[in-house]
Amino acid sequence: MGNLVQAELRKTTTTGLWWGLLIPTAVLALGWGLATGLLGQFFVDFASSSDVDEVSDFLGVTPDQWKISLFGMARAINISTIFPMIFGAMAISGEINRRTITTTFLTAQSRMHSMLAKMLVYVLWGAIYGLAIMLFLGIGVVLTSESGQLPDAGGWAMLTLVCVLSSILMTMFGVGVGALIPNVAGTIVLLLLYFLVIENVLHLVLAYLEVPAVIGFLPNGSINGLTGSVAVDLFLSSAGVVPTEIEDVLRAIAGAGGALDWWWSGLVFLAWSGIVFAGGWAVTQSKDIT
Amino acid sequence: MHDGSGLIAVQNLSKQFGSVTAVHNLSFTVSPGSVTGFLGPNGAGKTTTLRMLLGLVKPTSGTATINGRPFHQLGQPGRVVGAVLEAQGFHPARSARNHLRVYASAIGVPDAQADQVIGLVGLGTAADRKVGGFSLGMKQRLALATALLGDPQVLVLDEPANGLDPEGIAWLRTFLQSYARMGRTVLISSHLLAEVEQTVDQVVIISRGQTMFHGPLDRLRQSQQRRVLVQPSDINALASALRAEGVQAIEQLPDGRLAVSGVDSRQVADSALKAGVSIYGIQEEQVDLERLFFQLTSGQYAGQAPAPYQQQQQGGWA
């Protein structure tokens, strides 16, 4: 198994895809980070004007102490982890497309062995992408935010943890979908459509139908819940007593509307990844490589 | 685990792709120590059979084993069997050396082995170039190098001569023969008998997914008939005379000659003399293996002859 893991690792490092996708990931995270600080600044200036004093009364602290960067950071992580997901999606579909899957299967004890080795290597890559996202996002946020809006050390650590977790889980989900739909273009289009359009529409419908709790059990809803819930929790921990209605609004802003606790969200998404991977495994196991 | 015999055994193997029967009840064995040619026209089921042997395609029925085991029970398959299936299984952006190193680690052999096989197939100077820029012949060599990484006991090659230049084919021939002489098993498929005639000792000929001939190439050679091509002054008289002597295999060729099988030229000349027919030319011909191969495999996907050219009616002045 160690041999196969090394082989899979070499496959990823001997082509340019890893940095080809890492560059836009870093740019996106940096951009979101910068925008988060700027928008936060704009919002704080607006909120500090006397007209919206009621809101600050609700939150129990003055606007310049709101850690609103947290919301932007949660959103940034959600968006940026699309790239590691695509990287994962290419793991198996790319090999089928390039026809290298033949040699891969000829040199492995079994198809299951090579798929597991792949999964391990892509978990590692998911973590690397997650750290990169956090690094560039952090740089962007720190450059443009007032120190009062930034999380404390514990907050940074927590966000880094969920960012890396989220990135790993998204990569694993991608690997599973790539095995399930062994077609590079089909896989990527489906994933982007689903994560950027389809499920967002679904969220609106579910919210309209007044069953927002379902959202937390959907793939995008649960992975957003992982980061969003942490962001809201961190925000609330420094914001004093907040009425439930405002909390719901904050959760929606963080992209975690209807979401469960962060660790529950993580488990729900892990289950989705497991289902998709099992499906991909079943397809790959019985597939005729012609 | 496998028995280390180097034996390939295909038994009652069938594969159905939807309504298409690609392989139908195929049986043959391949022994170590010789190069076996796996021959048949395009679409005869060669590639499907090899892929079933290598665990890439699941048989509808029957078994295909290497060393007494199906592929997925070989343990470390890369060390038992090496295969060249297509010259396309490369990532274009990966260098040849890196391609080999990826699979060297999968098989569990040191990187030095990758450098060794790349030199062995003559790609040493191109090792650090990206495979995307390789010619078909270079890709074939790289595919062979990949197959050799695990120093396997059994070598399976699907149309390995495709894209190789004559020099490359000659090199491959020598290489495969010496590989087999080390007591290893070599199975090589082709749709052209002539291409592998000088390489193989044994042949398995299939057509329409079924075995048509299985045995030593020499036995196939011996089964072929000689024929005599003769140009007599009177075709009908000579044909009648030969028939009177019990010779039945007489055929008239388009060029006006007679082709007589199963006799030698002396007998034909004697018959002609008795019948009072002059002979303007006589020649003995060995039916070549290709023709025999064609007879064994003809019929499948036989193309039609082009329609005769219709000369246009021309309005003449004459």
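Residues numbered from 1 in each chain as written. Chains lettered and ligands numbered in written order. Predicted model: local features only at pLDDT ≥ 70, side-chain atom pairs only at ≥ 80, totals over all residues. Heavy atoms only, no water.

The name an unreviewed UniProt entry gives chain B is ABC-2 type transport system ATP-binding protein, with Lentzea waywayandensis as the organism. Quoted verbatim from the Sequence similarities (unreviewed entry) field of the UniProt record, the comment on chain B reads "Belongs to the ABC transporter superfamily." (UniProt positions renumbered as here; feature names shortened; annotations may be inferred.)

The name given to chain A in an unreviewed UniProt entry is ABC-2 type transport system permease protein, and the organism recorded there is Lentzea waywayandensis.

Peer 1: How should the overall build of chain B be read in this particular structure?
Peer 2: Each helix and strand counted, chain B has eleven helices and 13 strands in total. Its C-alpha atoms give chain B a radius of gyration of 25 Å, clearly above 20 Å, the size a compact globule of 318 residues would have. For chain B, the C-alpha atoms occupy an extent of roughly 80 × 60 × 40 Å along the three principal directions. Scored against the burial criterion, the 318 residues of chain B give a buried share of 49%. Excluding contacts between residues fewer than 6 apart, the proportion of contacts in chain B whose partners are at least 24 apart in sequence is 71%. When the accessible surface of chain B is split by element, carbon and sulfur atoms take 48% of a total near 15200 Å². Chain B carries 26 positive and 24 negative side-chain charges, and their two centres are separated by 8 Å. (Helix = DSSP H or I, 4+ residues; strand = E, 2+ residues; numbered from the N terminus. Rg over C-alpha atoms; globule rule 2.2 N^0.38 Å. Buried < 20%, exposed > 50% of the residue type's maximum accessible area, 1.4 Å probe, protein only. Contact = heavy atoms within 4.5 Å. Areas by Shrake-Rupley, 256 points an atom, 1.4 Å probe, with all protein chains shown as cover. Lys, Arg positive; Asp, Glu negative; His and termini not counted. Charge placed at Lys NZ, Arg CZ, Asp CG, Glu CD.)

Peer 1: So what exactly am I meant to see when it comes to the packing of aromatic side chains here?
Peer 2: The way to describe two aromatic rings as a pair is by their centre distance and the angle between their planes. Residue and element names in this part refer to chain A. On inspection of all chains with the given rule, the structure shows 13 aromatic pairs over all chains. Their ring planes at 40° and their centres at 5.2 Å tell us that F87 and Y122 sit as a pair that is tilted. Within this pair, whereas F87 is found in helix α5 (residues 82-98), its partner Y122 is found in helix α7 (residues 111-144), the two being separated by 35 residues in sequence. In this structure Y122 comes out as buried when scored by relative accessible area, which is 7%. One aromatic cluster is present, formed by W18, F87, Y122, W125 and Y129 through successive ring pairs. (Phe/Tyr/Trp six-rings, centres within 6.5 Å; stacked < 30°, edge-to-face > 60°.)

Peer 1: Explanation requested: the packing of helix α4 (residues 69-80) of chain A against α5(A) in the structure shown.
Peer 2: Two quantities define a packed helix pair, namely the angle between the helix axes and the distance between the axes. All names here are of chain A. One can describe the packing of α4 onto α5 by two numbers: an axis separation of 4 Å at closest approach and a directional angle of 20°. By the angle between their axes, α4 is roughly parallel relative to α5. Counted together, N78, I79 and S80 of α4 and I82, F83 and P84 of α5 form the full contact between these two elements. Class assignment of the residues belonging to the contact of α4 with α5 gives a composition of four nonpolar, two polar and no charged. (Axes fitted to C-alpha atoms, helices over the stretch in contact; angles between N-to-C directions. Parallel < 35°, antiparallel > 145°, perpendicular 65-115°, else oblique. Nonpolar A, V, L, I, M, F, W, Y, C, P; charged D, E, K, R; others polar.)

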